[in-house]
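Coordinates in review
The residues making up each chain are set out below.
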Amino acid sequence: MVWCGAVGGLFEFCKLSLRKNVLKEAYSHNLWDGARKTVATLWDGHAAVWHGYEVHGMEKIPEEGPALIIFYHGAIPIDFYYFMAKIFIHKGRTCRVVADHFVFKIPGFSLLLDVFCALHGPREKCVEILRSGHLLAISPGGVREALISDETYNIIWGNRKGFAQVAIDAKVPIIPMFTQNIREGFRSLGGTRLFRWLYEKFRYPFAPMYGGFPVKLRTYLGEPIPYDPKITAEELAEKTKNAVQALIDKHQRIPGNIMSALLERFHKKQKINSKTI
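Here we summarise the structure given alongside this text. (Residues numbered from 1 in each chain as written. Predicted model: local features only at pLDDT ≥ 70, side-chain atom pairs only at ≥ 80, totals over all residues. Heavy atoms only, no water.)

By the definition in use, this model includes eleven aromatic pairs. A ring pair is formed by Trp 43 and Tyr 81, whose centres lie 5.3 Å apart and whose planes are at 45°; its orientation type is tilted. Here the residue Trp 43 occupies a position in helix α3 (residues 31-51), and Tyr 81 occupies one in helix α4 (residues 78-91), the gap between them amounting to 38 residues. With respect to burial, Trp 43 and Tyr 81 carry one shared label: buried. Consider the rings of Tyr 72 and Tyr 153, whose centres lie 5.7 Å apart with planes at 40°: the pair is tilted. Of this pair, Tyr 72 sits in the loop between β2 (67-71) and α4 while Tyr 153 is found in the loop between α7 (142-148) and α8 (162-170), placing the two residues 81 residues apart along the sequence. A connected cluster of aromatic rings, assembled from ring pairs, spans Trp 43, Tyr 53, Tyr 81 and Tyr 82. (Phe/Tyr/Trp six-rings, centres within 6.5 Å; stacked < 30°, edge-to-face > 60°. Helix = DSSP H or I, 4+ residues; strand = E, 2+ residues; numbered from the N terminus. Buried < 20%, exposed > 50% of the residue type's maximum accessible area, 1.4 Å probe, protein only.)

What follows is the structure, given as structure tokens:
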């Protein structure tokens, strides 16, 4: 079965390599577009080979027009990089993402953030992007959720509701998102008392991480939560949190198990109604 999985991954990678003509055409028209296609193709190849990555419910992402994607934050959000690559390849759209300030200070990482249109915020900028018709993604848990959450997949949003106010002000739907086994790919020790105190004190992720395990990753998109002018930011934030929690409850084994997540690489694809990419 390991041989079959390896052959399948190699086959996916070979299919991705056939896109070189598309990349050449992209570079001939626009440098940034070519750069995005190159990075997206590399990420998509890595996703296919290392994680057998799938997206379920891609049809819920609009072909055009704005939407706010709200996602659970893994220790390292590698699933979101894969997801952005899928959107760019299959939808021809870029998805802006709000990233923590410290990420922009990582040497050599700023160019990748530029290619994938990452931004600091603030709220007014997020509303402007959505009103301009773009896709935008936010993880309300952010770095705190990345460090402190664990294999129990507890959502750590606190009282954050700014993302909900952004959706209300921009009058856009919210699409909940969760990636199965993301905590089994990478684990954080940030939940220990010392590292938690360090983060709260300095707002910098000092906690060590380990992983890079080739576990099966599946991203699930929930039903869009439509814009409702009568709903408050508090109510919308709670409704969104419940939607993400429902995805976790439905698709994630609790507590997560690294060995089980590895073995899922060799299971048959799950039978679900939504489209799989």
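The next subject is the environment of Gly 211. Turning to its location among the elements, Gly 211 is positioned in strand β8 (residues 209-211). You can call Gly 211 partly exposed: its relative accessible area is 39%. When the C-alpha atoms of Gly 211 and Ala 75 are compared, they prove to be 9.8 Å apart, with 136 residues separating the residues in sequence. Each residue touching Gly 211, except ones within four places of it in the same chain, is listed here: Gly 185 and Phe 186. (Contact = heavy atoms within 4.5 Å.)

Evaluated as defined, the whole model comprises ten salt bridges. A salt bridge links Glu 223 to Lys 60, with the nearest nitrogen and oxygen atoms 3.4 Å apart. With Glu 223 in the loop between β9 (218-221) and α11 (233-251) and Lys 60 in the loop between β1 (54-56) and β2, this pair connects stretches of sequence that are 163 residues apart. Using a relative accessible area of 57% as the deciding quantity, one classes Glu 223 as exposed. Note that Glu 128 is salt-bridged to Lys 125, the shortest N-O span being 4.0 Å. Taken together, the residues span about one helical turn, with Glu 128 and Lys 125 both in helix α6 (residues 123-131) at a distance of three residues. For Lys 125, a relative accessible area of 36% translates into the label partly exposed. (Salt bridge = Lys/Arg side-chain N within 4 Å of Asp/Glu carboxyl O.)

For an α-helix, the turn length of 3.6 residues means that residues three or four places apart are oriented alike. When the terminal C-alpha atoms of α11 are compared, their 27 Å separation across 19 residues agrees well with the 27 Å that a helix rising 1.5 Å per residue should span. On the buried face of α11, the contacting elements are β2, α8, β6 (174-180) and β9. (Expected span 1.5 Å × (residues − 1).)

Right, let's get into the packing of α6 against α8. Taken N-terminus to C-terminus, the directions of α6 and α8 make an angle of 40°; their axes are 9 Å apart at the nearest point. Classified by the interaxial angle, the pair formed by α6 and α8 is oblique. Two packed elements cross with a definite hand, and for α6 against α8 that hand is right-handed. Here α6 contributes Arg 123, Cys 126, Val 127, Leu 130 and Arg 131 to the contact with α8, which in turn contributes Gly 162, Gln 165, Val 166, Asp 169 and Ala 170. Split into classes, the residues belonging to the contact of α6 with α8 amount to five nonpolar, two polar and three charged. (Axes fitted to C-alpha atoms, helices over the stretch in contact; angles between N-to-C directions. Parallel < 35°, antiparallel > 145°, perpendicular 65-115°, else oblique. Left-handed = near helix turned anticlockwise from the far one by under 90°. Nonpolar A, V, L, I, M, F, W, Y, C, P; charged D, E, K, R; others polar.)

This next bit is on the pairing of strand β3 (residues 95-98). The pairing of β3 with strand β5 (residues 135-138) spans three bridges and is classified as parallel. Within the sheet, the bridge partner assigned to Val 97 lies in β5 and is Ala 137. Bridge analysis of β3 against strand β4 (residues 118-119) gives two bridges, and the strand direction is parallel. Paired with Val 97 across the strands is Ala 118, a residue of β4. (Pairing = 2+ DSSP bridges.)

Function cannot be inferred from these measures alone, as they are strictly geometric.
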